[in-house]
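Chain by chain, the residues run as shown.
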Amino acid sequence: MRARYTVRHKLFLVAGFMAGVLLLLLIGGVNQGRNAVQAQPLMADAIIYVRAGAAGANDGTSWEDAYISLQSALEDAVSGDEIWVAAGVYTPTVRTTPADARTATFMLKQGVALYGGFAGIETVREQRDWRANLSILSGDLDHNDAADWRGIVTDTIAIAGDNAYHVVSADVVTATLDGFVITAGKATGADPHHLGGGLYTNGGHTTVTHVGFWGNQALEAGGGFFDRQGQVTLAQLVFAGNLANRGGGMYFYHDTGIIVNSLFAKNRSEISGGALWDEAANSTVRNCTFADNEAGTQAGAILSWGGGNAVTLQNSIVWANTAPNEPQLSGGFVVSYSLVEDGWLGTGNLNADPLFVSPESGDYHLQMGSSALDAGDNGYAPEFDLDGTVRPLDSNHDGIATADMGAYEFELQAVFLPLMLKQVTPSGK
Ligand SMILES: [Ca+2]
Ligand SMILES: [Ca+2]
Ligand SMILES: [Ca+2]
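The structure displayed is predicted, hence computed values, not measured ones.

Calculation notes
Residues numbered from 1 in each chain as written. Chains lettered and ligands numbered in written order. Predicted model: local features only at pLDDT ≥ 70, side-chain atom pairs only at ≥ 80, totals over all residues. Helix = DSSP H or I, 4+ residues; strand = E, 2+ residues; numbered from the N terminus. Buried ≥ 20, exposed ≤ 12 C-beta atoms within 10 Å, placed from the backbone. Core = buried A, V, L, I, M, F, W, Y, C linked by C-beta atoms within 7 Å. Pairing = 2+ DSSP bridges. Right-handed = clockwise from strand over helix to strand, strands pointing away. pLDDT = per-residue confidence, 0-100. Contact = placed C-beta atoms within 7 Å.

## Considerations on the overall build of the protein
Link 1 in the chain: Looking only at helices and strands, one finds 3 helices and 31 strands in the protein.
Link 2 in the chain: Buried positions account for 50% of the 429 residues belonging to the protein.

Now the structure itself:
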């Protein structure tokens, strides 16, 4: 009886939810229509389309007539435009120093937003699935890296020859990058081409969301991403298999940064800060997972550097990182509601195995029974997790929905739903 009631109740909720969604879509449609009418007399902001292999006129005006080069779209774009990029592998061709091929980079433009993750048929941005459709920005200019079947370098040892110093760059602009994989950057040149192999930003305000930094390298700092004195708003990022002397995954340098819902795994620094180096940036790190990162001397996960510097770490997991000294965190931190291996002083902190599903295969979701379930603080929790799952959920099934620690929220329903469906089968409902 109880199970049947629950299922019926659920169906009722689902029906209500669908009706709500429909209503929102209708309202959205009305609003869009009104905006379109209002926008008509003005110069409307354009969507510029990019699709590898597109036939058609290749002028960027539709998916059919899409540019095949992201570089062409960037040349066209003006402030307010959006560039939509379909699945495929794209390499930069425009050099900042004409005589040096390796300075080829996708240079972000003021007020222009780049969105990836499209199949190449969508009419509204919300239809894209950035997990299924990989829009890959690769630094492999000479096409000789040992990339995987998708075109991603998952480990820097697979990089060969003369790759781009920075796959993507930004120089004092406000720009958005959303829905890409950035891979195979190799910043092994002279300053600043020894920083930020995947993404190098200088000043400005960069918003980076739904981006995977895989297998990027920097001789000096920030293998995946280096930000110099800018403002960065970062969410739903994955840093994996990146390498640098300092800050294998990411380096915050005298900037203002917040990063949420992100995973740092299997990054390496030859010196310190296997995953992340924070230099006089006092960054906020919220609902992030740091695991299996490695440093040559200290701070396998995060180094907080500079007199009085303090990284604010909330609702996060720091586990199984390695270094000869201070294998997890080193320097100044304010830590709360976080699971830190070997422990850290602060409200709500834990020191216990978070029970990742399968670190060997890169799956850092939590399992049932993990101490990190419902152990975060809802006040700090973002609305969604790295998968886009709504937070907070009642992951430990005690009737109270509390945010989990780490990048992923655990969904108990997914485990119990088949069981509940089985229970109602005998009565035929
Ligand atoms: Ca190469
Ligand atoms: Ca939860
Ligand atoms: Ca709960």
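Back to the write-up after that little detour.
## So, the nonpolar core
Buried together is how nonpolar side chains tend to be arranged in soluble globular proteins.
Link 1 in the chain: Core analysis: the largest hydrophobic core is formed by 113 residues, its most contacted members being Val50, Ile83, Val85, Leu137, Ile182, Phe290 and Ile302.
Link 2 in the chain: Looking at which element gives the most residues to this core, the answer is strand β14 (residues 231-240), with 7 residues.

## Examining the sheet that holds strand β23 (residues 294-295)
Link 1 in the chain: Ordered by their spatial adjacency, 5 strands build an open sheet running β9-β12-β15-β19-β23, and the pairing between neighbours is parallel. Both edges of this open sheet fall to β9 (186-187) and β23, since each of them pairs with a single strand only.
Link 2 in the chain: Here β9 pairs with strand β12 (residues 217-221) via 2 bridges, running parallel. Its bridge partner being in β12, alanine 187 is matched across the sheet by alanine 218.

## Concerning the pairing of strand β2 (residues 82-86)
Link 1 in the chain: Within β2, 4 of the 5 residues are buried, which leaves it mostly tucked inside the rest of the structure.
Link 2 in the chain: With 4 bridges joining them, strand β1 (residues 47-50) and β2 adopt parallel strand pairing. If you follow isoleucine 48 over to β2, its bridge partner there is isoleucine 83.
Link 3 in the chain: In terms of handedness, the path from β1 via helix α2 (residues 70-76) over to β2 forms a crossover that is right-handed.

## What to know about the confidence of the model for the protein
Link 1 in the chain: Per-residue pLDDT for the protein averages 89, and the proportion of residues at 70 or more is 86%.
Link 2 in the chain: Within the protein, helix α1 (residues 2-39) has the poorest average pLDDT of any element, 40, and strand β26 (residues 317-319) the best, 99.
Link 3 in the chain: A low-confidence stretch, residues 1-42 stays under pLDDT 50, and its non-local contacts, those more than four residues away or across chains, total 10 contacts.

## Regarding the environment of aspartate 171
Link 1 in the chain: As for its position among the elements, aspartate 171 is in strand β7 (residues 168-171).
Link 2 in the chain: Separated by 29 residues in sequence, aspartate 171 and tyrosine 200 place their C-alpha atoms 8.5 Å apart.

## Some points on the sheet that holds β7
Link 1 in the chain: Within the open sheet, the 8 strands sit side by side as β4-β7-β10-β13-β16-β20-β24-β27. Their pairing is parallel. One side of each edge strand has no neighbouring strand; the edge strands of this open sheet are β4 (106-107) and β27 (329-330).
Link 2 in the chain: Bridge count between strand β13 (residues 225-228) and strand β16 (residues 250-253): 4 bridges; the pairing is parallel. The partner of phenylalanine 225 across the bridge, within β16, is methionine 250.

## Some details on unusual backbone geometry
Link 1 in the chain: Of note, the bond from aspartate 191 into proline 192 is cis; its omega dihedral lies within 30 degrees of zero at 5°.
Link 2 in the chain: Residue proline 392 follows arginine 391 across a cis peptide bond; omega there is -15°.
Link 3 in the chain: If you trace the backbone, proline 392 turns up in the loop between β31 (363-366) and α3 (413-424).
Link 4 in the chain: Unlike most non-glycine residues, tyrosine 337 shows phi in positive territory, near 45°.

## With respect to the pairing of β31
Link 1 in the chain: Of the strand pairs in this sheet, strand β30 (residues 356-358) and β31 are connected by 2 bridges, and their pairing is antiparallel. Counterpart to serine 358 in the pairing with β31 is aspartate 363.
Link 2 in the chain: Between the antiparallel neighbours β30 and β31 lie 4 residues, among them glycine 362 with a positive phi of about 80°.

## Things to note about the environment of glycine 212
Link 1 in the chain: The topology assignment puts glycine 212 in strand β11 (residues 205-214).
Link 2 in the chain: A sequence separation of 12 residues divides glycine 212 from glycine 224, and the C-alpha atoms of the two residues are 9.2 Å apart.
Link 3 in the chain: Dropping the residues within four chain positions of it, glycine 212 is found in contact with Val181 and Val238.

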